[in-house]
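Structural overview for review
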2 protein chains.
Amino acid sequence: MSSSGSPVALAEIGALLGDPARANMLLALIAGRPLTAGELAWSARVTAQTASGHLARLTEAGLLAVERQGRHRYYRLASPLVAQMLEGMQVVASLQSPPRYRPASRIDDALKAGRTCYDHLAGRLGVAIADAMVARGQVVLTGDGGAATPDGEAFLQHFQVEASTRPGQKRCFCRPCLDWSERRPHIAGALGAGLARRCFDLGWIQRVKDSRAVTITQAGRKGLQEAFGIGPDDLVVRPDLPLRKAG
Amino acid sequence: MSSSGSPVALAEIGALLGDPARANMLLALIAGRPLTAGELAWSARVTAQTASGHLARLTEAGLLAVERQGRHRYYRLASPLVAQMLEGMQVVASLQSPPRYRPASRIDDALKAGRTCYDHLAGRLGVAIADAMVARGQVVLTGDGGAATPDGEAFLQHFQVEASTRPGQKRCFCRPCLDWSERRPHIAGALGAGLARRCFDLGWIQRVKDSRAVTITQAGRKGLQEAFGIGPDDLVVRPDLPLRKAG
DNA sequence: CGGACGCTTCGGTCGCGGCCGAAGCGATCC
DNA sequence: GGATCGCTTCGGCCGCGACCGAAGCGTCCG
């Protein structure tokens, strides 16, 4: 009854995300692969009946979409906007007070290692490429923009990246995109998309079925080393924060 | 304990935003003006002692920053990222199930009418400008990019917008930015910033003190009509959704 | 110095909502 | 057909946390 947009609605979304079980379910779905109610119950560490209630609420709120298939029900995020919202919250969450628990991550190490972010690369791989190009003076990234240097344009031509390098057209050529898992920017825009496409075309990376994760092939390791100077060390997924004691 | 980034952290952020009182406080602060604990208590419709507890939690979580000034304590959002996160959630919230209550908004009508979004214009005004330029074939907007047409570049030169129109440099020249109050895109990037700056320089719009809201001057109404063909009707702030019954 | 004011801390009440066991329902398999 | 499986609904328990009254603390004023 008081302030802006829709105070009630915001609180409702917040309350929905405020329960650990529901948060776990949503995070499990952020990878893009539809999951059954049972799988989501497992990943939220609750019984099937509890999960069922949560899923009903999330679906009714429009955050999830559901599809029946035989005796299974497959749930997925209702829209990319939901994924985007979750990533925005993760960014803020990761800025929070220091260490904390450090819940060991598992399946999503694949996503941290490398994934697509719509049409460009993110995760450890995406950030490594961005770092390499910046370090070599091929690309400049600012707070909310970026550009290729003459050196960079030459490299792109040689690397055969297709991205209307003569910009001013169609879409943003180069901009930073904050990476929630690395907490540092990777390259988005036409340049990011062109780089990603070229890596796929060269067979350096492959999509994981039904997921946004990508894996680096043997050829990819060699190629990334030669083209960008990215070595195995640059592709190691580090834990969220350094451990106090070794595990 | 299961999936990605930081499941616990996400749930904590969600729980923080899940309480109507806290959501109201954050929304009251999204305008950018620091508010005292008492003002926030009022806008959340709770007593001072209840508000105090909420504010302590929000501050300790790193969402708010506080500054003592005499016997007052001024609270503000700790970072633009927090505002961004809230706007992202509002976008999702506004996509939710149909009408709902429609809590009458008041003070924030000013924000809906026109505001700055970092360095460019948003709200009804920002969207009206974007619509006008698109309709006149001066600008093309795509899902995540955009560009000026030759006609558009001529207009910008005539309108004396300073924005390294020869792009490829520094920052993204033109991209759409989803407007939570209008639910449609306005123009961001160097072009958006240049347009905003020019409107300020011409005295067409003025910043509201300590707020992101902007007001349109008398000269502005005339100028917007002449330069963009934006009439009074285009600047009317419509209710969140059309009313069922007229009020 | 006393009093008003802004804000926080403490203590106790109470209701919302998460949880699971048991039961119900539909689909699948043999 | 019966057995099994995936999921949902129902009912009851229980704990967390939002709320306010009262009291405490620091600041400003006359």
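Below you will find a few notes about this structure. Numbers given to residues run from 1 along each chain, matching the order in which its sequence is written. Here every chain gets a letter starting at A, and every ligand a number starting at 1, in the order they are written. With pLDDT at 70 or above as the cut-off, local features in this predicted model cover only qualifying residues; side-chain atom pairs require 80 or more to be listed or tallied, and sums for whole chains, interfaces and linings still use all residues. Water and hydrogen atoms play no part in the side-chain values, which are based on all heavy atoms of the structure.

Another point: the side chain of Thr116 of chain A. Residue and element names in this part refer to chain A. Looking at the secondary structure, you find Thr116 in strand S4 (residues 115-117). For Thr116, a relative accessible area of 7% translates into the label buried. Ignoring any residue separated from it by four or fewer positions in sequence, one finds Thr116 in contact with Leu121, Phe200, Arg207, Arg212 and Val214. In DSSP terms, a helix is any run of H or I states spanning at least four residues, a strand is any run of E spanning at least two, and both are numbered starting from the N terminus. Relative accessibility decides the category of a residue: with a 1.4 Å probe and only protein chains considered, values under 20% of the type maximum give buried, values over 50% give exposed, and everything between is partly exposed. In what follows, residue pairs with any heavy atoms lying within 4.5 Å of each other are defined as contacts.

Residues and elements named next belong to chain B. Paired strands, as defined in this entry, are two strands with at least two bridges between them according to DSSP. Strand order in the open sheet made by the three strands is S1-S3-S2, with antiparallel pairing throughout. The open sheet has two edge strands with one neighbour each: strand S1 (35-36) and strand S2 (64-69). Relative to strand S3 (residues 72-77), S1 runs antiparallel, the two being bridged by two bridges. Within the sheet, the bridge partner assigned to Thr36 lies in S3 and is Tyr74. To obtain an axis, a line is fitted to C-alpha atoms, over the contacting stretch when the element is a helix, and the angle between two such axes runs from 0 to 180 degrees between their N-to-C directions. Against the sheet, helix H4 (residues 48-60) touches S2 and S3, its axis set at about 120° to S2.

Below, the discussion takes up the protein's contact with DNA strand D. Among the 20 residues in the neighbourhood of DNA strand D, the closest are listed as Gly38 and Ser52 of chain A together with Gln49, His54 and Arg57 of chain B. Across the atoms of DNA strand D situated within 4 Å of the protein, the share located in sugar and phosphate is 73%. Whenever two N or O atoms come within 3.5 Å, that pair is a polar contact, provided that in protein one can donate a hydrogen and the other can accept it, and provided that, for residues adjacent in sequence, both atoms are side-chain atoms. One nitrogen or oxygen atom from the side chain of Thr47 of chain B is found 3.1 Å from a phosphate oxygen belonging to DNA strand D. Charged residues are taken to be Asp, Glu, Lys and Arg, nonpolar residues to be Ala, Val, Leu, Ile, Met, Phe, Trp, Tyr, Cys and Pro, and polar residues to be all remaining types, Gly included. Residues that form the surface near DNA strand D fall into these classes: four nonpolar, ten polar and six charged. Near, as used in this document, describes a residue that has one of its heavy atoms within 4 Å of the molecule or strand being considered.

Moving on to the protein's contact with DNA strand C. Close to DNA strand C lie 20 residues, the nearest being Arg22, Gln49, Thr50 and His54 of chain A together with Ser52 of chain B. The sugar and phosphate moieties of DNA strand C supply 69% of its atoms located within 4 Å of the protein. Interatomic distance of 2.9 Å between a side-chain N/O atom of Arg22 of chain A and a phosphate oxygen of DNA strand C. One of the side-chain N or O atoms of His54 of chain A is found 2.6 Å from a phosphate oxygen in DNA strand C. Listing elements by their share of the surface near DNA strand C, those giving two or more residues are helix H4 (48-60) of chain A together with helix H3 (37-44), H4 and S3 of chain B. Residue contributions to the surface near DNA strand C peak at four residues, all from H4 of chain A. When the residues that make up the surface near DNA strand C are grouped by side-chain class, the tally is four nonpolar, ten polar and six charged.

On to the sheet that holds strand S1 (residues 35-36) of chain A, then. Residue and element names in this part refer to chain A. Within the open sheet, the three strands sit side by side as S1-S3-S2. Their pairing is antiparallel. At either margin of the open sheet sits one strand with a lone partner, and together these are S1 and strand S2 (64-69). The strands touched by H4 are S2 and strand S3 (72-77); relative to S2, the strand with the most contacts, the crossing angle is about 120°.

No statement about biological role is implied by the geometric values presented.
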